[in-house]
Structures are given as structure tokens and as C-alpha cells.
Amino acid sequence: MLLNIDKVQKSYPGGRPVLRDVSLTLDHGQTLALTGESGSGKSTLLNLTAALDSFDGGEITLDGTALSPLDDAGRAAMRRRSVSLVFQQFNLIPSLTVGQNLSFHARLADREDVDWTARLAERLGLSDLLSRYPESLSGGQQQRVAIGRAMAPRPKLLLADEPTGNLDETASTNVLDLMLSLVAETGAALLLVTHSHDIAARLDRHAHLSGGHIT
Amino acid sequence: MTRTVIQALVSHWRRHWLQLATLLIGIALATGLWSAVQAINTEARASYQRASDQLALGLFDELRDPTGPISLDRYVVLRRAGWQVAAVLEGPLRISGRTVQVMGVDMVAYPALPAMTQMEQSDTPPDPADVLTAPGRLQAKPDLAALLYAHPNLPPILESDAVPPDLILTDIGVAEILLDKPGQISRLIVLPDQPRDVPPLSEITPELQRIEASTQLNAERLTDSFHLNLTAFGLLSFAVGLFIVHGTVGLAMAQRRAMIRTMRALGVSMRRLVWTITAELALLALIGGTLGLILGFFLAGALLPDVAATLRGLYGAPVDGQINLQPQWALAGLAMALAGTLLASGQALYRLSRMPLLTGAGLQAWRVSGSSHLTTGLIGIGLIVGGFAIGHTIDSLVAGFAMVGGVLTGSALILPYLLSFALSTFQHRAKGPLAQWIWADMQAQLPGLSLALMALLLALAANIGVGTMVSSFRLTFVGWLDQRLTSELYVTATDNQQGQQIAEWLDPQVDAVLPIRSVELTHETGPLFLYGVVDHQAYRDHWPLIASSEGVWDRVLAGEAILVNEQLARRGNLWPGDEVTLREGDTLTISGVYSDYGNPTGQAIVSMPQLDRIAPGADTRRFGIRLSPAAATEMAQALRDRFGLPRQAVVQQAAMKAQSLTIFDKTFVVTSALNVLTLGVAGFAILTSLLTLWTQRLPQIAPVWALGLTRAQLARLEMLRSVLLAALTAVLALPLGLVLAWALLAVINVQAFGWRLPMFLFPMDWAYLFLLTLLAALVAAALPALRLLRLPPADLLRVFANER
């Protein structure tokens with residue numbers, strides 16, 4: 001099993017619980033859609049899985065490593081090597097070119113494969129944009145760069161938080177197609193947070209988060 | 001409606017109190033440093049004015065003898081002919097290690113002396129009989145009077161605040177005794193309302209020269225250059241402070257764009273908004289300005305004693321060591337704060353006033369566009385070229401400062417270009433992803449930091465330039481002292497007769513006795529002190545000549561030629577081969593020019609027989625004595641014992657050098673203090689820029705954190721980034737500082753003081769300054785880095801939140 005989320009609890013400062021004993025598993029190569037209303041804790045669960053934040057109870061085990069004992073540096077190493085992230089806001093690095101953004105995560109993880117990055121750029125239609133800066137790209141193009149950056153280190157788990165939320169319908173379909181085909185090609189697992197039931201329907205499994213519980 | 005607008009605008013400061021504090025500190029620092037310099041200048045000038053008023057200096061025409069003192073019989077001739085003139089005898093007197101001026105006036109003939117009038121009108125007026133009859137009375141300020149009380153052989157002391165500092169005012173008869181100048185008069189004051197039908201001066205005293213009141217050299221004119229230098233430094237500090245104001249106001253405006261757009265959408269006119277914001281800035285300027293005035297007052301109070309000592313030592317200018325709060329100074333300081341704040345905010349206000357209603361409210365709009373950068377760079381190059389052109393074509397001190405101002409401002413304007421180029425080069429050469437990101441990120445941060453870095457560039461260049469100038473000057477000065485002070489001992493006898501006895505006694509015991517004799521003459525360039533020298537190898541070997549013709553000493557000692565100091569040479573454009581007229585009928589060819597640092601007046605050297613011919617009767621009281629250095633201390637004591645000379649009448653070379661260097665170092669205390677303060681302000685500018693940029697940093701840092709860097713790593717990189725930018729700026733500041741040093745040494749000093757100095761390089765000083773800069777950058781970045789280190793992940797996650 002690649003990911004095991006076991007009775008995870010998380011409260012925000014002030015004591016308001018967001019996640020109550022949430023449990024979830026994900027196998028290698030599997031895709032899972034996580035849906036829920038605004039404020040239901042979808043993004044929080046994704047952030048905990050990405051080792052971006054710590055949880056109050058329970059355990060998350062990623063590729064055999066429990067996250068709760070990890071310190072700041074251990075969590076950073078986990079983010080670098082085991083997971084990749086795609087955000088709704090793209091969150092590219094504005095000061096780097098498209099080419100540099102594409103290879104950035106892979107190089108940080110010491111897993112740069114120049115051929116693979118070039119193939120990714122081609123598959124994502126970014127080959128002609130490599131020397132440009134993110135601010136000069138459209139939203140769809142920026143999200144394709146973000147997907148390329150996430151896939152360049154060949155992660156075992158790809159976490160995506162509303163990756164098409166800022167895109168129109170056509171761009172949204174294109175981006176999702178690309179992401180799913182790359183995940184399938186690399187054998188990565190995908191945990192995708194979305195509001196859209198249409199998108200959720202295209203993934204292997206579907207989990208719904210409500211009131212801090214998986215239903 | 002205006003009240004509602006004000007409430008909305010003020011709410012910004014409530015949320016950004018640190019920004020408000022930064023703005024007020026920026027205004028306060030700019031105003032404080034400027035006001036401190038102005039307070040010093042105002043106080044010094046007020047002191048000169050008080051002294052001039054009290055002693056009626058520059059009020060009446062004067063009669064002087066170009067060859068030296070006026071004899072008593074000339075005075076009698078004038079009085080008998082009906083001329084209403086008052087005799088004045090002046091000279092320095094050394095008491096308890098302190099040199100004070102003695103001014104003896106003819107109290108009967110010169111009743112209108114304001115210092116006397118004021119004293120007579122006081123609650124305890126002195127008895128005129130006491131003042132006029134032996135032993136007379138000495139009038140002095142209370143602090144000097146306290147010193148005089150320790151000498152029981154002096155006449156009774158009258159304390160008076162009406163007398164300028166470091167001056168003893170007394171009757172001329174008493175002054176004759178104190179100064180040991182019996183029957184001598186320094187100058188005659190031509191009183192107003194002369195009787196009709198007096199014979200013309202040219203008939204009865206043709207040897208006396210009448211000097212118009214308006215052409216008399218006074219302390220204010222002598223010290224003009226010194227005060228101009230201080231003003232220039234004050235302006236630089238003011239400009240550095242305004243960089244903080246500019247940066248902070250710019251960011252505040254950018255952060256308010258959304259609020260302003262909303263208010264406009266709700267019906268508030270742009271005109272009303274601009275006026276309200278202008279009024280708000282004016283109010284902040286007045287608050288910051290008031291804080292600055294308080295800071296400036298205390299700073300001036302701390303610096304004034306050293307400045308006063310310098311002005312007294314270097315120019316003999318009377319300056320009180322205490323600062324007095326003057327309303328016009330406070331008003332001028334507030335006006336500067338107001339004008340500076342509005343000037344620094346002008347661009348932000350202008351951009352705000354032209355902001356379209358439907359434009360985006362993002363912070364990015366605050367950044368300067370590429371074309372605007374190009375324009376700024378071109379203006380910078382224009383200023384540098386224009387500055388050099390002015391400096392080379394116009395021969396004046398103001399042109400020199402215009403050149404320095406143009407080069408400094410122009411360089412500051414092109415700094416972002418140069419830094420961007422350097423960062424881009426480093427980025428292309430960087431191999432690792434982090435290194436690439438750091439260089440690229442620095443480049444992206446540059447627009448927000450460029451103003452602070454410009455301030456740092458100016459402060460560093462000023463430090464390097466002024467430091468190089470002072471150190472070069474000191475090195476030259478020490479070498480020059482070694483050359484000029486060739487004798488091991490310097491003796492001052494109490495009178496000519498004792499001088500003769502000392503010379504005779506010393507002659508068989510030492511290598512040489514070199515008399516030091518001089519008279520004060522008047523030259524078209526100002527006062528001219530003429531010295532006589534005897535033929536001795538010491539002069540030929542050591543005298544610091546900076547220009548000479550062949551056989552320079554042979555011709556001088558043969559009475560055919562004259563040496564002039566650099567000040568006289570530059571002021572009168574007199575160089576070897578030119579002729580100088582000492583008085584009618586006495587014209588000599590210049591055979592050499594010598595350096596003469598620390599002396600504001602003209603000086604010349606002729607052979608001793610020539611001096612006796614031009615000005616017979618010059619004092620023979622001072623000697624330089626050449627002997628083995630090992631025997632100097634013993635001989636000094638022997639001289640004191642044998643001739644009953646006070647300790648300060650026999651001075652050893654080492655003591656004289658030490659004293660000269662102490663005066664020298666004191667002269668630059670104020671400069672060094674302003675240097676350090678300016679650098680401190682620049683460091684603060686970096687801190688404020690980093691803090692104000694903080695809000696923009698999170699979206700840039702958060703993705704990198706999410707991709708696997710720890711907050712500790714990011715905090716270290718934040719500090720590294722600040723240090724690298726400061727280091728690059730420091731590297732660029734070095735050539736600019738050296739250009740500034742050259743301008744100060746070769747242009748400003750020549751125009752201001754009359755001497756040109758050789759330039760020396762001090763790499764160790766630069767290395768120290770470089771390390772200091774890195775430390776300042778590290779300290780400035782420490783707070784933002786600490787914030788980042790302690791930043792809860794939740795705050796970073798907010799960057800990724802979909803419902804932001």
C-alpha cells in the first residue's frame with residue numbers, strides 16, 4: 001500500500017475540529033477523487049498527506065514511512081522525494097523560466113532526467129515556451145507547467161488540489177486528460193481534490209468528506 | 001464625506017503600524033541628520049555674528065601697516081591731525097595650555113564698543129577708573145574667567161557674557177603688558193563722523209593702508225568652506241533618509257489601491273482622495289519632522305563641542321560649544337521634512353492620481369516598468385556626464401559639489417541596471433536549482449529593494465570617498481609634519497632680548513639655531529604671513545616643495561626669489577616664474593611652492609635679510625633648535641631652568657606633532673560621525689524595505705517550501721540573499737567611492753581650502769567597511785528571516801488555499 005491514512009484528526013487554532021478520525025488508503029497506480037463542500041477539510045487532508053502540515057491524532061503512512069514522527073526537515077525531505085503537488089493557483093515560481101520551473105522539483109529531489117523532462121514538455125505543449133516566464137502564460141498553460149513540474153521527478157504519489165478550478169471547460173478537460181495519461185504512464189497514484197462530480201467519475205475511486213468524516 | 005475617507009485611510013495605518021513607524025522613522029532620520037548639521041552651522045554663524053557685533057568687527061574701516069605693527073607715534077600723529085581713530089592691539093596668549101585671544105582697545109577713544117556698552121549697562125557696572133587705571137581689568141566669559149582666576153599675577157577679572165568665547169577684552173595698556181608688545185598697535189579703527197578738513201591719510205601716514213569695512217576678512221568668510229562641507233554631508237544624509245520615505249509611501253499606496261478603487265467606485269472623486277492623502281502625508285511629515293528636530297537637537301549638542309574646537313583651532317573662529325534652540329532652525333527643519341516627504345511621495349501620488357478606476361489592485365502595479373527603468377538609467381548616465389562636464393568647465397566650489405552630486409545621484413539611478421546585469425550573469429552560470437532560484441529571486445526582488453540599495457550605495461561611496469580623503473590627508477599631513485618640523489625643539493622667548501640671549505647660549509651647544517620670524521602683510525588675496533629663513537641644509541633637505549624652479553633655495557637665500565604656500569599659489573594663481581608684490585617696490589619672483597596644510601591663510605618665505613629689509617623689527621622670540629634627538633629632553637629642561645621659561649615655551653618635536661595630529665583628528669570627528677550615521681540609516685533602509693516587502697514574499701517562498709525546503713533553509717537563504725545584494729552593492733560602491741575621493745581631494749579641497757592632496761588607497765579600510773556592510777545586511781535581514789523561521793505552516797498554506 002502506498003498511502004495509509006489512519007484515524008487522522010486535525011483541529012484549527014481555537015479548537016474547531018476539521019478532520020475527525022479520517023481513514024483512507026491508496027495503492028500504487030490508483031487514482032482517487034476526494035469531494036466535499038467548501039470548508040469540509042478536503043484541502044486540509046491533502047496538505048497533511050503532502051507533509052505540509054502536522055496533524056493532531058492518528059497516523060499517515062506514505063510509502064512505508066509514518067509522517068507523525070518526522071520533524072520539519074524530515075517532512076521537507078518527504079515532500080521533495082515522495083510526493084508532488086499541483087495547486088489550483090498553479091504556484092509556479094515567478095522568477096524562473098518555464099523550463100527552469102519544469103525541472104525545478106526534479107532537480108531538488110536529485111532525480112532530474114533530461115530526456116523525460118523534454119518529453120514532458122512536448123507532451124504538455126510547452127516546448128516553445130521554455131524560455132518564457134510564467135506571468136506571460138495563460139492559465140491553462142501555467143497549469144500544464146505545474147503538472148509538468150510535478151511529474152518531472154516521477155513521483156509515487158501526485159496530490160492535486162482543484163487543479164482545474166481556475167480554468168475554462170476546454171482547458172479543464174485538456175489538463176485533466178494530460179494529468180491522467182501521465183499518471184497512467186508513470187504508474188503514480190493520484191489523490192485529487194475536486195468539487196466536480198464529472199471529474200470524480202473519471203477516477204478509479206471516489207471518497208466524499210463531510211463534517212470531518214469520510215462518507 | 002471627507003471624514004469617512006479619512007477614517008478609511010487611517011484604518012490602513014492601524015493594520016500596518018510597522019509601516020507607519022518606518023515612515024515616521026524615515027522622516028525623523030532624514031530631518032534629524034539634516035537639522036543637526038544646520039543647527040551646528042547656525043550656532044557657529046550666530047557665534048561669529050555675536051562676536052562681530054560685540055567687537056564691532058567689520059563695522060568700520062581700518063588702518064593697517066602692511067609691514068607689521070603700527071608704531072605709537074603714528075597713532076599720535078593721526079590724533080593730533082584730528083582723525084578719530086581707536087587703537088587695537090591683538091594677539092594670542094597661552095594660559096594653562098589653552099590659547100586665547102587678547103584684544104586690547106583704547107577704552108577712551110573707542111567708547112562705542114558694544115561689549116563694553118553692554119557691560120556698563122549691566123546691574124553691576126565696573127568702575128571706569130578701575131578699567132582705565134593700572135592694573136586694569138580683564139573681561140572674559142565665565143568659563144574663561146574661571147581659568148584666569150588660577151593666575152594671581154593677572155589683573156582682576158570681570159565676568160561678562162557679552163565677550164565672545166576664548167577672548168580677553170581689556171584696555172590697550174593692559175594688553176601691551178599681557179602680550180609683551182609695548183608701544184605696538186595691531187590696527188586702528190576709523191570711527192564714524194570724522195571732523196571736516198582733516199588732512200588726507202596719504203599725506204600724514206602714507207605707509208598705512210585703509211581697508212574698507214566690507215573687504216575685511218571675517219570668521220564667517222574664512223569658515224564658509226567648512227560649513228559648506230558639513231551642509232553637503234547633511235544633504236546626503238537627508239537624501240538617504242528620503243529613500244526610506246519613498247519606499248514606504250510607495251508600498252503604502254500600492255497596498256491601498258484596492259481601498260482607493262473601492263472608494264472611487266462608491267463616488268469619492270480622485271481629486272478629493274489626492275488632497276486628503278496629501279494632507280495626511282503633510283501631517284505625518286510634521287510629526288516625523290518634530291521627532292527629527294528632537295533627534296537633531298541632541299545630535300548637534302553632542303557634535304558641537306568638537307566642531308567648535310576645530311573651528312577655533314583651524315580658523316581662530318569664536319564658537320560657543322553649546323547649542324541653543326532657535327525658532328527659525330525648528331521652522332526650517334519642519335519645512336525640510338514637509339518638502340522632503342512630499343518630494344519623496346510625489347511619484348506615488350502621481351501614479352495614484354492617474355490610476356484608472358478599473359485597473360487591478362495588485363501589488364505588482366507598484367513595481368517599476370521596464371521602460372521606466374530605461375528612462376531612469378538614461379537620466380542616471382546624463383547626470384554623471386553632466387556632473388563631470390560642470391566640474392571640468394566651471395572653476396568653483398559650487399561646481400565641484402554639483403559634479404559630486406551629479407555623479408552620486410546618477411550612479412544611484414543606474415545601480416538597479418548594474419545589479420540586474422550582475423544577477424542575470426550569475427543566474428546563467430549557476431548550476432544547481434537552488435542557486436538558480438536564489439539569483440533569479442534576487443533579480444525579481446530588485447525593484448522593491450533598489451531604493452534601499454541606492455541608499456546603501458550612496459552611504460558606502462560616501463564612506464569610502466570621505467574615508468579615503470581623510471586617510472590620504474592624514475598620511476600626507478604626517479609626512480608633511482615630519483618634513484616641516486625639522487627641529488627637535490621649538491622655543492618661544494618672553495621678549496626679543498631674551499630671544500637673543502637664548503640664541504647665544506644655545507649656539508655652541510647645538511647643531512643649529514634656526515630663528516622663526518614673521519610679519520603679517522596684506523595681499524590682494526587676503527592676509528599674508530611673511531617668514532624669514534636662514535641658510536641651513538635642513539630647509540634644503542626637508543621643506544615640502546610641491547613645485548619649484550632650478551636653484552630654488554640658492555635664489556631665495558640670495559634675496560632674489562620667494563617661496564609661497566599652496567594656498568596663496570592657488571588663490572592668486574601664482575606659480576614658479578610668476579612675480580608677487582609684497583608692498584610697493586618689493587616684487588620678487590616665485591621660485592617654489594610648498595604645501596602648508598591646516599593653514600587657511602597665505603604664507604611666503606624669503607631670506608632673513610630680505611625680511612629685515614621689508615619689515616624691520618620683526619620679533620626674534622621663536623627658534624627651532626637642531627640637535628641630537630636623544631639630547632632634546634635634557635636640553636628642553638635646561639632651557640626652562642636657565643631662562644625661567646614656562647613648560648609650554650619649550651616644545652619638543654614629538655609633542656608638537658602629537659598636538660597637531662590631535663587637532664587634525666578632531667577636525668574630522670564630525671565627518672566620521674555623520675559617515676557612520678549615514679551608513680546606519682542605509683542599513684535601516686534595507687531593513688524597512690525587507691519588512692515592507694514581506695507581504696509579497698510569501699507567494700514566492702511558499703511554492704519552494706512546498707517542494708521540499710524547510711523554513712530554516714528558507715530563512716538562511718533570505719539572509720544570504722540580503723548579504724549577497726549588499727555585497728554586490730558594496731563592490732559597485734568601491735569605484736564610485738574612489739571617484740568621490742578623487743573629487744574631494746583634487747576638486748573640493750582645492751576650491752574650499754586651497755590645497756590639493758595626493759590620493760592613497762587603503763584596501764584594509766575597504767575590507768573592514770565591506771565586512772561592516774555584510775554585517776549590517778545580515779542584521780537587517782535577521783528580523784524577516786526570524787519571522788520566516790517562526791512562520792506557522794498554516795500561514796504558508798494560506799498561499800495555496802483556493803478560497804483566498
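From a predicted model like this one, the values you see are computed outputs, not experimental measurements.

Here is what the cut-offs are and how they apply
By convention here, each chain's residues receive numbers from 1 onward along its written sequence. All chains are assigned letters beginning with A, and all ligands numbers beginning with 1, in the order in which they are written. Given that the model is predicted, a residue must reach a pLDDT of at least 70 before its local features are reported, and side-chain atom pairs must reach 80 or more before they are shown or counted; all residues, however, enter totals for whole chains, interfaces and linings. Just so you know, side-chain values use all the structure's heavy atoms and leave hydrogens and water out. By definition, any uninterrupted DSSP run of H or I lasting at least four residues is a helix, any uninterrupted run of E lasting at least two residues is a strand, and each is numbered from the N terminus. Note on areas: Shrake-Rupley with a 1.4 Å probe; residue coverage comes only from the protein chains shown. In this analysis, a patch consists of residues with relative accessible area above 30% that form no salt bridge, clustered at 9 Å for like charges and at 5 Å for the nonpolar side chains Val, Leu, Ile, Met, Phe, Trp and Tyr. One side-chain nitrogen of Lys or Arg within 4 Å of one carboxyl oxygen of Asp or Glu is enough to make a salt bridge. Burial classes: relative accessible area under 20% of the type maximum marks a residue as buried, over 50% as exposed, and values in between as partly exposed (1.4 Å probe, protein chains only). Segment limits for the domains were obtained from an automatic or database-derived domain assignment. Between two residues, a contact is recorded if the distance between any of their heavy atoms is within 4.5 Å. We define buried area as the total accessible area lost by two parts upon association, computed with a 1.4 Å probe and summed across both. Counting of polar contacts relies on pairs of N or O atoms within 3.5 Å, with two restrictions inside protein: one atom must be capable of donating a hydrogen and the other of accepting it, and residues adjacent in sequence are counted only when both atoms are side-chain atoms. Asp, Glu, Lys and Arg are counted as charged, while Ala, Val, Leu, Ile, Met, Phe, Trp, Tyr, Cys and Pro are counted as nonpolar; the rest, among them Gly, fall into the polar class. Note: the arc covers the axis-to-C-beta directions of the helix. For every residue, the predictor states its confidence as a pLDDT score lying anywhere from 0 to 100. Note on pairing: DSSP must find at least two bridges between two strands before they are called paired. Between 30 and 60 degrees the pair is tilted, below 30 it is stacked and above 60 it is edge-to-face, where a pair is any two Phe, Tyr or Trp rings, Trp via its six-membered ring, whose centres lie within 6.5 Å. Whether a charge sits over a ring comes down to the Lys NZ or Arg CZ being within 6 Å of the ring centre and within 35 degrees of the ring normal.

Draft legend 1. Region of the structure containing the overall build of chain B. What chain B contains, in helices and strands, is 28 helices and 20 strands. For chain B, the accessible surface area stands at approximately 34,300 Å², while carbon and sulfur atoms represent 61% of it.

Draft legend 2. A look at a nonpolar patch on the surface. Residue and element names in this part refer to chain B. A grouping of L374, L378, I381, V385, Y417 and L418 is seen on the molecular surface, where their side chains present a nonpolar patch of about 550 Å² in accessible area. Taken together, the elements giving at least two residues each to the nonpolar patch come down to α14 (370-393) and α15 (397-429). A residue is classified by how much of its surface remains accessible, and Y417, at 37% relative accessible area, is partly exposed.

Draft legend 3. Just the domain arrangement of chain B, in detail. All names here are of chain B. Segmenting chain B into domains produces domain 1 (1-57 + 216-366), domain 2 (60-215), domain 3 (410-483 + 660-804) and domain 4 (489-627). Across the contact, 7 residues belong to domain 2 and 9 residues belong to domain 4. Where domain 2 abuts domain 4, roughly 640 Å² becomes buried across the two surfaces, and 44% of that area is made up of carbon and sulfur atoms. Here domain 2 and domain 4 share 0 salt bridges between them. Seen at the junction of domain 2 and domain 4, the total is 0 residue pairs in polar contact (both at pLDDT 80 or more). Taken together, the residues of the side of domain 2 that touches domain 4 sort by class into 1 nonpolar, 3 polar and 3 charged.

Draft legend 4. Quick look at helix α11 (residues 257-265) of chain B. Residue and element names in this part refer to chain B. Within the span of α11, buried status applies to R257, I260 and M263. Relative to the axis of α11, the buried residues are bounded by an arc of 125° and lie together on one face. Looking one or two residues beyond α11, the residue adopting positive phi is G267, at roughly 110°.

Draft legend 5. Spatial organisation of the interface of chain B and chain A. Facing the 28 residues of chain B at the interface are 28 residues of chain A. Taking both sides of the interface into account, the surface hidden between chain B and chain A amounts to around 2,500 Å²; carbon and sulfur atoms contribute 56%. The tally of links from chain B across to chain A stands at 1 salt bridge. A salt bridge links R711 of chain B to D72 of chain A, with the nearest nitrogen and oxygen atoms 3.5 Å apart. Where chain B meets chain A, there are 8 residue pairs in polar contact (both at pLDDT 80 or more).

Draft legend 6. Representation of the confidence of the model for chain B in the model. Mean pLDDT over chain B stands at 81; residues scoring 70 or higher make up 87%. Both scores are available for the predicted complex, with the pTM at 0.70 and the ipTM at 0.81.

Draft legend 7. Here's a closer look at the sheet that holds strand β5 (residues 65-66) of chain A. Residues and elements named next belong to chain A. Read across the sheet, 4 strands follow the order β2-β1-β4-β5 without closing on themselves; strand pairing throughout is antiparallel. Unpaired on one side and paired on the other, β2 (17-26) and β5 mark the two borders of the sheet. With 6 bridges connecting them, strand β1 (residues 3-11) and β2 associate as antiparallel partners. Residue pairing for β2: K10 is matched across the bridge by L19.

Draft legend 8. Fine view of the environment of T173 of chain A. Residue and element names in this part refer to chain A. Looking at the element boundaries, T173 is found in helix α6 (residues 169-186). The class of T173 is partly exposed, set by a relative accessible area of 38%. Sequence separation of T173 and I199 is 26 residues, and the distance between their C-alpha atoms is 8.9 Å.

Draft legend 9. Fine view of the side chain of T468 of chain B. Residues and elements named next belong to chain B. Within the element layout of this structure, T468 appears in helix α16 (residues 433-484). Residue T468 is classed as buried on the basis of its relative accessible area, which comes to 2%. Look past the residues within four positions of T468 in its chain and what remains in contact with it is N463, L738, A741, M759, F760, F762 and W766.

Draft legend 10. Representation of unusual backbone geometry within the structure. Residue and element names in this part refer to chain A. Here the phi dihedral of K7 falls at roughly 50°; this positive angle occurs in a residue that is not glycine. In this fold, K7 is placed in strand β1. Judged by relative accessible area, which is 52%, K7 ranks as exposed. The backbone of D21 shows a phi angle near 50°, a positive value even though the residue is not glycine.

Draft legend 11. Up close: the packing of aromatic side chains. In this structure the tally under the stated criterion is 8 aromatic pairs over all chains. Relative to F238 of chain B, the ring of W34 of chain B has its centre 6.2 Å away and its plane inclined at 50°; by these criteria the two rings are tilted. With a gap of 204 residues between them, W34 of chain B in helix α2 (residues 17-55) and F238 of chain B in helix α10 (residues 224-255) connect regions that are remote in the sequence. Here W34 of chain B and F238 of chain B have matching classes, each one buried. Aromatic rings pair up to connect Y539, W543, W553 and Y594 of chain B into one cluster. Stacked on the ring of W116 of chain A, the Lys or Arg R154 of chain A has its end atom at 4.3 Å from the ring centre. Sitting over the ring of W437 of chain B, R721 of chain B keeps its end group 4.9 Å from the ring centre.

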